[in-house]
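Single-letter residue listing:
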Amino acid sequence: MSFSKELFKGVSEDFISPFGFSATIINGTAIYVDGFKKILSFSISEVLFETKKHKLKVIGENLFIKKMEEFSCVIVGKIGGFHVE
């Protein structure tokens, strides 16, 4: 079960569904990303994800994947930013 689906249970689908992904940054040291199709690139300073309509970029320092599931993962390290392209 997806953390973000539980978090947004009861919020209108019209608000959530156009995006198709979610990201939650926790204390600048971890980010939970849900709803991506695949990881396009990975390094200790940048992770690039592909979704149905966007590319998601996480930038930071000493990044590594702490937990990985089918279409979600937790990346830890010093999170410097999150961009949607």
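Preceding block: the structure.
Parameters and conventions
- Residues numbered from 1 in each chain as written.
- Predicted model: local features only at pLDDT ≥ 70, side-chain atom pairs only at ≥ 80, totals over all residues.
- Heavy atoms only, no water.
- Buried < 20%, exposed > 50% of the residue type's maximum accessible area, 1.4 Å probe, protein only.
- Helix = DSSP H or I, 4+ residues; strand = E, 2+ residues; numbered from the N terminus.
- Pairing = 2+ DSSP bridges.
- Core = buried A, V, L, I, M, F, W, Y, C linked by side-chain atoms within 4.5 Å.
- Contact = heavy atoms within 4.5 Å.
- Phe/Tyr/Trp six-rings, centres within 6.5 Å; stacked < 30°, edge-to-face > 60°.

Engineer: What exactly am I supposed to notice about the pairing of strand β4 (residues 46–50) here?
Structural biologist: Walk down a regular strand and you will see the side chains alternate between the two sheet faces. The element β4 is largely enclosed, with a buried count of four among its five residues. Two strands pair when backbone bridges link them, and strand β3 (residues 38–42) and β4 are joined in this way by four bridges, in the antiparallel orientation. Counted as the bridge partner of F42 is V47 from β4. Counting the residues in the hairpin turn of β3 and β4 gives three residues.

Engineer: Just to check I follow, could you spell out the nonpolar core for this structure?
Structural biologist: Generally speaking, nonpolar side chains in soluble globular proteins are found buried as a group. Among the nonpolar cores identified, the biggest contains twelve residues, and these are F21, I31, V33, F36, V47, F49, L56, V58, L63, C73, I75 and I79. Those elements that provide at least two residues to this core are β2 (30–34), β4, β5 (55–68) and β6 (72–84). Residues in contact with C73, not counting those within four places in the same chain, are I31, Y32, V33, F36, F49, I65, K67 and M68.

Engineer: I tried to follow unusual backbone geometry on my own but got confused; where do I start?
Structural biologist: Glycine aside, negative phi is the norm for most residues, and most peptide bonds take the trans geometry. Positioned with a positive phi, N27 is a non-glycine residue whose angle comes to about 55°. In this structure, N27 sits in the loop between β1 (22–26) and β2. Of note in the backbone geometry, N62 takes a positive phi value of approximately 55° without being a glycine. One can find N62 in strand β5.

Engineer: Teacher, can you tell me more about the packing of aromatic side chains here?
Structural biologist: A ring pair, where both rings are aromatic, is described by two values, the distance of the centres and the angle of the planes. A complete count under the given rule lists one aromatic pair for this structure. With centroids separated by 4.7 Å and ring planes inclined at 50°, the aromatic side chains of F36 and F49 adopt a geometry described as tilted. A residue pair is termed long-range when its members are at least 10 positions apart, and F36 in the loop between β2 and β3 and F49 in strand β4 qualify at 13 residues. We classify F49 as buried; its relative accessible area is 0%.

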